[in-house]
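# Fold and geometry: a report
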Amino acid sequence: MRAAIFEKFKAPLEVRQVPDPACPADGVIVRVKACGVCRSDWHAWTGADSDVSAPHVPGHEFAGVVEEVGKECRRFKAGDRVTAPFILACGACPDCLGGDATVCNHQFVVGFSGWGAFAERIAVPRADFNLVPLPEAMDFVDAAGMGCRVTTAFRALVDRAKLQPGEWLAVHGCGGVGLSAVMIGAALGAQVLAIDVNLEAIGLAADLGAETAIGLTKHYDAREIEEEIREITGGGAHVSVDALGITETFHNSIRGLRKLGRHVQIGMPLGPHAEPTVPLLELVYSRQITIMGTRGIPASRFPALFEMIAAGRIDPSRLVTNRIPLEEAGAAIAAMNGYTGSGITVIDRF
Ligand SMILES: [Zn+2]
Ligand SMILES: [Zn+2]
């Protein structure tokens, strides 16, 4: 099959023939119809993610059609339209059985633990547990565009922060996952404040339901941002998310919370951002804020997200701003060296 592969970290992706994946007995082979291009793919490509070894095929935000079914798979058949979360879980451990598949100890992360979906086909193990049937009305590009970003934002706000109507939500960083948080937050009835250095992203956030925004200059003063958030939200945000994963956005997020506020860490903090300082006395102890993490979504929560989409409360297709052929995947990833861009790019030709 054709796949976009890199031989060494940071080497250009090359589209060439690679061996077809073998169908697991408990899994399926999916013919990939669409796959999102994400900043996590860039992390994998640069070698920043320790799970990834080269040569490697990235891609974890796929949708497609079941082509082959292993003999132990019961719920799916050839021709089914499907997607899957990027964290494929074991389906049998206490975490999985308790509904918390994203913290499964035996997880396989598509496009990281193994080769991903910048390819014509991908194997999905333990398909009965991990595969998600696509609603008929949802096309492959929209499903892939929801990728890890809309699903992660949904879990962050609905399942983790339990964001309530009327609450203030501050979104720090308006790339794909930040914009998804803006859209879902607004749909949940929260008042959304979007914060970014990129004015184009701020404009998109406003289109997607942000009530107000702060456009940061490059050399902003952290205390001034805190004051501005407090003023806009009447004392601080109830819920605040760091959708980027760097020390500055994390600090801005926890500092902009009101007393008893909830911070959700959505962005993956890598390298020098892995262990930022936390003002334990001032924020966690005195203001009694909560700091929580989130990563991915279990397959079992897709139906709730699909319901929200079917009811017209959110429209993830609005986030997809670029459709490209497989040959352009490498350039799309390399472009993330600099400015991340706003909106989501999806590969739709393989
Ligand atoms: Zn498990
Ligand atoms: Zn992703």
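See the structure printed just above.
Notes on the structure in this doc start here. Fair warning: this is a prediction, and the values are worked out from it, not measured in the lab.

Before going further, it helps to spend a moment on the coordination of the zinc ion (ligand 2). Binding of the zinc ion (ligand 2) to the protein goes through Cys38 (SG), His60 (NE2), Glu61 (OE) and Cys148 (SG), at separations of 2.0 to 2.3 Å. What the four donor atoms of the zinc ion (ligand 2) show is an angle range of 93 to 121 degrees at the metal, which sorts the shape as tetrahedral. When the donors of the zinc ion (ligand 2) are listed by position in the chain, the intervening gaps give C-x21-H-E-x86-C. Here the residue cysteine 38 occupies a position in the loop between strand S3 (28-37) and helix H1 (39-46), and glutamate 61 occupies one in the loop between H1 and strand S4 (62-69), the gap between them amounting to 23 residues. Each member of the pair, cysteine 38 as well as glutamate 61, is classed as buried.

This model, assessed by the stated rule, comprises 16 salt bridges. For aspartate 20, the salt bridge goes to arginine 121, with nearest N and O atoms at 2.9 Å. Of the two residues, aspartate 20 sits in the loop between strand S2 (14-17) and S3 while arginine 121 sits in strand S8 (residues 121-124), which places them 101 residues apart along the sequence. Residue aspartate 20 is classed as partly exposed on the basis of its relative accessible area of 45%.

By definition of the ideal shapes, four donors in a tetrahedron about a metal sit 109.5 degrees apart, and six donors in an octahedron sit 90 or 180 degrees apart. Every protein donor of the zinc ion (ligand 1) is accounted for by Cys90 (SG), Cys93 (SG), Cys96 (SG) and Cys104 (SG), and the metal-donor separations fall at 2.3 to 2.4 Å. In this structure, the zinc ion (ligand 1) is surrounded by four donor atoms whose angles at the metal cover 104 to 117 degrees, and the resulting shape is tetrahedral. Read N to C, the donor residues that coordinate the zinc ion (ligand 1) are spaced as C-x2-C-x2-C-x7-C. No difference in accessibility class separates cysteine 90 from cysteine 96, as the two residues are buried.

Another aspect to go through is the nonpolar core. General note: in soluble globular proteins, nonpolar side chains tend to be found buried as a group. In terms of nonpolar packing, the biggest core is built from 55 residues, with Leu157, Leu169 and Ile184 touching the most fellow members. Counting residues per element, this core draws most heavily on helix H4 (residues 140-160), which supplies 10 residues. Those residues in contact with isoleucine 184 that sit more than four places away from it in its chain are Val150, Ala153, Phe154, Leu157, Met308 and Ile314.

With that out of the way, let us pick up the sheet that holds strand S14 (residues 257-265). Reading across the sheet, the six strands line up as S12-S11-S10-S13-S14-S15 and stay open at both edges, with parallel pairing between neighbours. Unpaired on one side and paired on the other, strand S12 (212-215) and strand S15 (290-293) mark the two borders of the sheet. On average, adjacent strands in this sheet sit at an angle of 20 degrees to one another, irrespective of strand direction. Bridge count for strand S13 (residues 237-242) against S14 is five bridges, and the pairing is parallel.

What follows covers the pairing of strand S11 (residues 191-196). The element S11 is largely enclosed, with a buried count of five among its six residues. As judged from the five bridges shared by strand S10 (residues 168-172) and S11, these two strands associate in the parallel manner. Bridge assignment links valine 171 to a residue of S11, and that residue is alanine 194. At this point the chain moves from S10, through helix H5 (residues 176-187), to the parallel S11, and the crossover so formed is right-handed. Sheet topology note: the S11/S12 ladder contains four bridges and is parallel. Across the sheet, residue aspartate 196 finds its bridge partner in S12, namely glycine 215. Taken together, S11, helix H6 (residues 199-207) and S12 constitute a β-α-β crossover, and its handedness is right-handed.

A cluster of acidic residues, Asp221, Glu224, Glu227, Glu228 and Glu231, forms a negative patch on the protein surface. Take aspartate 221: it is sitting in the loop between S12 and helix H7 (222-233). By relative accessible area, aspartate 221 is classed as partly exposed at 38%.

For arginine 262, the position within the fold is in strand S14. In terms of polar contacts, arginine 262 uses its side chain to reach the backbone carbonyl oxygen of alanine 161, at 2.8 Å.

What counts as what
- Residues numbered from 1 in each chain as written.
- Chains lettered and ligands numbered in written order.
- Predicted model: local features only at pLDDT ≥ 70, side-chain atom pairs only at ≥ 80, totals over all residues.
- Heavy atoms only, no water.
- Donors = N, O, S within 2.8 Å, 3.2 Å for Na, K, Ca; no water.
- Tetrahedral: all angles 85-135°; square planar, octahedral: opposite > 155°, others 65-115°.
- Helix = DSSP H or I, 4+ residues; strand = E, 2+ residues; numbered from the N terminus.
- Buried < 20%, exposed > 50% of the residue type's maximum accessible area, 1.4 Å probe, protein only.
- Salt bridge = Lys/Arg side-chain N within 4 Å of Asp/Glu carboxyl O.
- Core = buried A, V, L, I, M, F, W, Y, C linked by side-chain atoms within 4.5 Å.
- Contact = heavy atoms within 4.5 Å.
- Pairing = 2+ DSSP bridges.
- Axes fitted to C-alpha atoms, helices over the stretch in contact; angles between N-to-C directions.
- Right-handed = clockwise from strand over helix to strand, strands pointing away.
- Patch = residues over 30% accessible without salt bridge, like charges linked within 9 Å, V, L, I, M, F, W, Y side chains within 5 Å.
- Areas by Shrake-Rupley, 256 points an atom, 1.4 Å probe, with all protein chains shown as cover.
- Lys, Arg positive; Asp, Glu negative; His and termini not counted.
- Charge placed at Lys NZ, Arg CZ, Asp CG, Glu CD.
- Polar contact = N/O pair within 3.5 Å; in protein donor to acceptor, adjacent residues only side chain to side chain.

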